[in-house]
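# Chain and residue survey
Now for the letters of each chain:
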Amino acid sequence: MGETRISRLAAPVLVRGRSLFSGRLFERLRHVLWAALISLAMYAGFLLQPAEQILWLIQSRVADRYPSGDIVFVASNEALNDPANPERRYDVAAALDELDRQGVGKVFLDVAFAESNDPQADQRLARAIADLGPRITLVDRLLEGTGVEQTRRSTSASIAGTTSRVISDQTDRDWLGFAWTLHYSYEVDGRPVRSFGSAIAGVDREPSDTFSVDYGFFYDRLPILPIEVVADRRQTGALPVELTGKTVVIGHSGQVPGSRDKIPRKLEASPSYVDIYAGETLKAGYTRNLRGPLSLAFFAALLFIALLISSSRKQRWFAYSAIVFLAPAILFATAKVGVRVELSYAIGFLGIYAAFRSRMRWKRRVEMVNQETGLEKLRALEARLIRDSVTNGHIVIAKIQNYERVLKTLRADDKGSYVLKLVDRLRAADSNLVVYSDGHHLGWHVANDDTDAVVEHLEGLRAIFAAPIQVGGFSVDVGITFGIACVEGDPSARLAAAVAAAEETSEAHNPIAIAETGSQTDLLWDISLRARIDDAMEAGEIYCVYQPKIDLQSNAVVGVEALVRWHDPARGFISPMHFIQQCEKAGRMEHLTRYVLQSACSAGQLLHFRGHMISMSVNISATLLSDMRVVGLVRNVLQATRFDPCFLTLEITETARISDHEVAATILNELRSIGVRISMDDFGVGAANYEAFYELPFDEIKIDRMFVANIAKDPKARAIVASIAAMGRGARITVVAEGLENPQDIPLLQEAGCQQVQGFAFSRPLSLSNLLEYQELAPDQTLSNIV
């Protein structure tokens, strides 16, 4: 009858769905926790400090801030404190005198002078220092000693007198040689001594306190004067830099041997620049520092929240991308506002989490791959449906018949090849089809929501498997059947339903089974479905579509078969096999038959009114042939619609379910007396056998699609079709071949003696409006894609 019988779903349902989602969520959160703990352990061991300092270098490069201009560096390219060359001390003294005359605010002499062999030069320098009084400060430097002790390089007391001192620490450098953190002061001989940088900024704190040095100031914008220009100001004219009230640092440039230090913007800089940058940092207030645990906690919280609110893989990857992009954004933003941020441990945390997830995905991929075939298992199909939130289409499970027996005869190397060759045939219509393999089951997802179209396609696939497969030098026959489940509700349960339906199939009697239900929700819905059938018919949710029947001699449409459909507003399209079975269970089959018959006869009357004098076929369940009331039902519909009974054909489905052939024959003869023709549907398979054909009065038989689909490939199928056609001619009844999909098979059907054909080769089932349009086309045109 153009439909497939419903299968009973008795298999248990897989317990997955939300529990799987929750399990994956807790797994991800557990990975967040472990990544955070490992990152904290790395922070405790300073394992990522090199990476941290590289990030600080990047911050220094992108900050691009202007210095205050209040600190002026007076530099010398030659050593000023060489005892063997005391003449340079006169230059220093002259420069100090000029600075005094210019009215500088503070002077820091960042050169340690020992006594020379020229006492007059030493006295001259000492007098210049004394003249500046409290405005000058001498800088002592802490250097690495030969052992664990530090050495302190300072100006001789005979030169320094009572001048105050500060300390510059050259020992606290990172592995690249940069000074990132300095002390506010140092404890010397039991009393605190300010550090050079804090003295420049005029800040005084405890020796235990430290601050971060910000190297984001433009190096070339720091004011600098050669000491020769300052010392010989009367000869050179006015100074290029205003010094009144400024802080001046006198020191060696980076060109003086032994007086070189590294800062992020210059690798051969004056040692004074470290403290000058420290002073600029303190003056600008850029001493804030976001420690590693704080940034780590921030990113861990972000990731935690993102995982909680992300319900799909796409959302998670968007959140991951946003979080990863946030790290350089924070690095750039904090550099601009003068905040040092420790991001290496937060980035390490994200990397560790990514490694955990990558390992888990790899492990899951390995677990989900069939080692013999290399194909993913059905668990991967389930995970994909849940991950992508698939709620439409169908799950198809192919069962390989006699799989275990075939494997016993094949070598180990040929087992996977056998399955892969089956997969190649499944991909005949779609080379991109993703097939999953698990034991004797092959599964995939079909996006099409039309169950009938999926069934028709699978019937075509079955025909492809008629030919044997060559494996390991042997020819192996293939038997394959299919279980189908609509994807609605829980994909895991529907996959289980499709597997259960496939297990109920058999090659001979039930090659394609459609799962009735997949969950308790479906069962409850089916109960309410029976009560809703009358309402659905009244609302027009149940309606008819029409598939043309073509006469092979004239190539013209001689009739159509009315097929019932149901589109529920809430659940979408409901499989005809599904709700027809529910009608039978609810005792509403007679009512549904009346409704379909009424719709079909009204459509037939409209076709006749338009000048298309074709027959109308309607399916009648064999269960109705036990009560004479069906005769009155048909007669009343014909009278109400005024449809000519000689154009009405009643197709009897599943004749094997007729309990009493004698009663059925009486009812059928009574129907024929009205003028109605009687057809036997699906002839040649178990439900429509020779016994029923012999004992009941039929005017037409329809050869089952299983033989028609294989007529070009299987000589047995061709012989069966020819024998049924010959039997029909001998019995003087019409022979219709249903399920024709390949137009190239038409000559074979003509040669076999079939008079009429029906199938996708000419047209899919059409709505009434499309059927009227179809009738206006030339006879050799088809509308195989109109529904």
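Treat the numbers as computed from the prediction; the structure is a model and nothing was measured.

We now examine the sheet that holds strand 21 (residues 480–486). With respect to topology, five strands assemble into an open sheet ordered 17-18-16-21-22, the strand pairing being mixed. Two strands bound the open sheet, and with one partner strand each, they are strand 17 (436–438) and strand 22 (512–514). Averaged over all neighbouring strand pairs, the angle between strand axes comes to 20°, with direction disregarded. Bridge count between strand 16 (residues 394–400) and strand 21: seven bridges; the pairing is antiparallel. Paired with Val396 across the strands is Ile484, a residue of strand 21. Packing of helix 13 (residues 378–387) onto the sheet brings it into contact with strand 16, strand 17 and strand 18 (441–446), and relative to strand 18 it is tilted by some 20°. Its contacts with the sheet put helix 15 (residues 412–426) on strand 16, strand 17, strand 18 and strand 21, and the angle it makes with strand 18 is roughly 25°.

Further remarks concern the pairing of strand 1 (residues 71–76). Looking down a regular strand, the side chains alternate between one sheet face and the other. The element strand 1 is largely enclosed, with a buried count of six among its six residues. Residues Ile71, Phe73 and Ala75 point to one face of strand 1 and Val72, Val74 and Ser76 to the other, with burial holding for every one of them. Of the strand pairs in this sheet, strand 1 and strand 11 (residues 247–252) are connected by six bridges, and their pairing is parallel. Counterpart to Ile71 in the pairing with strand 11 is Thr247. Across three bridges, strand 1 lies against strand 10 (residues 224–226) in parallel orientation. Bridge pairing links Ala75 to Pro226 in strand 10.

Their axes nearest at 8 Å, the elements helix 2 (residues 49–63) and helix 11 (residues 313–337) cross at an angle of 55°. Classed by the angle they form, the pair helix 2 and helix 11 counts as oblique. With respect to the hand of their crossing, helix 2 and helix 11 are arranged in right-handed fashion. Residues Leu55, Ile58, Gln59, Val62 and Ala63 of helix 2 form the contact with helix 11, whose participating residues are Leu331, Phe332, Thr334, Ala335 and Lys336. Counted by class, the contact of helix 2 with helix 11 contains seven nonpolar, two polar and one charged residues.

This part covers unusual backbone geometry. Its identity as a non-glycine residue notwithstanding, Phe46 has a phi of 55°, on the positive side. Phe46 gets classed as exposed once you look at its relative accessible area, which sits at 57%. The backbone phi angle of Asp64 is positive, close to 50°, even though this residue is not glycine. The residue Asp64 is located in the loop between helix 2 and strand 1 in this model.

Turning to the side chain of Glu98, a few remarks are in order. Mapped onto the elements of the fold, Glu98 is located in helix 3 (residues 87–102). One polar contact links Glu98 to Gln102, side chain to side chain, over a distance of 2.8 Å.

Bringing the packing of aromatic side chains into the picture now. Under the defined criterion, the tally for this structure stands at 18 aromatic pairs. Relative to Tyr215, the ring of Trp180 lies with its centre 5.5 Å away and its plane at 90°, an arrangement referred to as edge-to-face. One end of the pair, Trp180, is in the loop between strand 5 (165–169) and strand 6 (181–183); the other, Tyr215, is in the loop between strand 9 (210–212) and strand 10, with 35 residues separating them in the sequence. The class of Tyr215 is buried, set by a relative accessible area of 1%. Measuring from ring centre to ring centre gives 4.9 Å for Tyr219 and Tyr273, while their planes differ by 40°; the resulting arrangement is tilted. Of this pair, Tyr219 sits in the loop between strand 9 and strand 10 while Tyr273 sits in helix 9 (residues 272–284); the two residues are 54 residues apart in sequence, bridging distant segments of the chain. Given the relative accessible area of 22%, Tyr219 is considered partly exposed. Joined through ring pairs, the aromatic side chains of Trp56, Phe178, Trp180, Tyr215, Phe217, Tyr277 and Tyr286 make up one cluster. In this arrangement the basic side chain of Arg205 is found over the ring face of Tyr184, its NZ or CZ atom lying 4.6 Å from the centre. Lying over the aromatic face of Phe178, Lys262 brings its terminal NZ or CZ to 5.6 Å of the ring centre.

Attention now moves to helix 9. In an α-helix, one turn spans 3.6 residues; hence positions three or four apart end up facing the same way. For helix 9, which comprises 13 residues, the first-to-last C-alpha distance of 18 Å matches the rise-based estimate of 18 Å (1.5 Å per residue) to within 8%. Among the 13 residues in helix 9, 11 count as buried, and that is most of the element. Among the residues of helix 9, Ser272, Tyr273, Val274, Asp275, Ile276, Tyr277, Ala278, Gly279, Glu280, Thr281 and Leu282 are the ones counted as buried. Following helix 9 by one or two positions, Gly285 has its phi on the positive side, about 80°.

Here the focus is the nonpolar core. Soluble globular proteins: nonpolar side chains tend toward being buried together. Leu592, Met616, Leu648, Leu650 and Leu749 are the most contacted members of the largest nonpolar core, which has 81 residues in total. In terms of residue count, helix 20 (residues 589–609) provides more of this core than any other element does, eight residues in total. Grouped together as the second largest cluster of nonpolar side chains are 33 residues, Tyr403, Leu410, Val455 and Leu458 included.

Below, the discussion takes up the confidence of the model for the chain. When the pLDDT values of the chain are averaged, the result is 85; 91% of them are 70 or greater. Of all the helices and strands in the chain, helix 8 (residues 233–236) carries the lowest mean pLDDT, 62, while strand 2 (residues 106–109) carries the highest, 95. Note on residues 1–20: pLDDT under 50 across the span, and 66 contacts to partners over four residues away in sequence or across chains. For the stretch residues 777–787, pLDDT sits under 50, and the model shows 25 contacts to residues farther than four places along the chain or on other chains.

Our next topic: the pattern of salt bridges. Taken as a whole and judged by the stated rule, the model has 31 salt bridges. Sharing partners across several salt bridges, the network here consists of Glu456, Glu459, Glu561, Glu651, Lys702, Arg705 and Glu738.

What follows is about the environment of Gln605. Summarising the element assignment, Gln605 is placed in helix 20. C-alpha of Gln605 to C-alpha of Met616: the two residues are 11 residues apart in sequence and 9.5 Å apart in space. Apart from residues no more than four positions distant in its own chain, Gln605 is found in contact with Thr641, Arg642 and Phe643.

So, about the pairing of strand 3 (residues 136–144). Counting buried residues in strand 3 gives eight out of nine residues, a clear majority hidden from the surface. Taken together, the three bridges between strand 2 and strand 3 define a ladder with parallel strand orientation. Its bridge partner lying in strand 3, Val107 is registered against Ile136. Here five bridges tie strand 3 to strand 5, and the two strands are oriented parallel to one another. Bridge pairing in strand 5 places Arg141 opposite Ser168. Sheet topology places strand 3 next to strand 4 (residues 150–153); four bridges connect them, and they run antiparallel. Within strand 4, the position partnered with Arg141 by the bridge is Arg153.

What follows concerns a nonpolar patch on the surface. Where nonpolar side chains cluster on the molecular surface, the patch consists of Leu33, Trp34, Leu37, Ile38 and Leu40 and spans about 460 Å² of accessible area. Counting through the fold element by element, Leu40 comes out in helix 1 (residues 18–44). Residue Leu40 is classed as partly exposed on the basis of its relative accessible area of 39%.

Position of Glu342 among the secondary structure elements: in the loop between strand 15 (340–341) and helix 12 (344–367). By relative accessible area, Glu342 is classed as buried at 5%. A polar contact is formed between the side chain of Glu342 and the side chain of Arg291, at a distance of 3.3 Å. A polar contact is formed between the side chain of Glu342 and the backbone nitrogen of Gly292, at a distance of 2.7 Å. If sequence neighbours within four positions are ignored, Glu342 has contacts with Tyr43, Glu52, Trp56, Asn289, Leu290, Arg291, Gly292 and Ser295.

About the thresholds
Residues numbered from 1 in each chain as written. Predicted model: local features only at pLDDT ≥ 70, side-chain atom pairs only at ≥ 80, totals over all residues. Heavy atoms only, no water. Pairing = 2+ DSSP bridges. Helix = DSSP H or I, 4+ residues; strand = E, 2+ residues; numbered from the N terminus. Axes fitted to C-alpha atoms, helices over the stretch in contact; angles between N-to-C directions. Contact = heavy atoms within 4.5 Å. Buried < 20%, exposed > 50% of the residue type's maximum accessible area, 1.4 Å probe, protein only. Parallel < 35°, antiparallel > 145°, perpendicular 65-115°, else oblique. Left-handed = near helix turned anticlockwise from the far one by under 90°. Nonpolar A, V, L, I, M, F, W, Y, C, P; charged D, E, K, R; others polar. Polar contact = N/O pair within 3.5 Å; in protein donor to acceptor, adjacent residues only side chain to side chain. Phe/Tyr/Trp six-rings, centres within 6.5 Å; stacked < 30°, edge-to-face > 60°. Lys NZ or Arg CZ within 6 Å of the ring centre and 35° of its normal. Expected span 1.5 Å × (residues − 1). Core = buried A, V, L, I, M, F, W, Y, C linked by side-chain atoms within 4.5 Å. pLDDT = per-residue confidence, 0-100. Salt bridge = Lys/Arg side-chain N within 4 Å of Asp/Glu carboxyl O. Patch = residues over 30% accessible without salt bridge, like charges linked within 9 Å, V, L, I, M, F, W, Y side chains within 5 Å. Areas by Shrake-Rupley, 256 points an atom, 1.4 Å probe, with all protein chains shown as cover.

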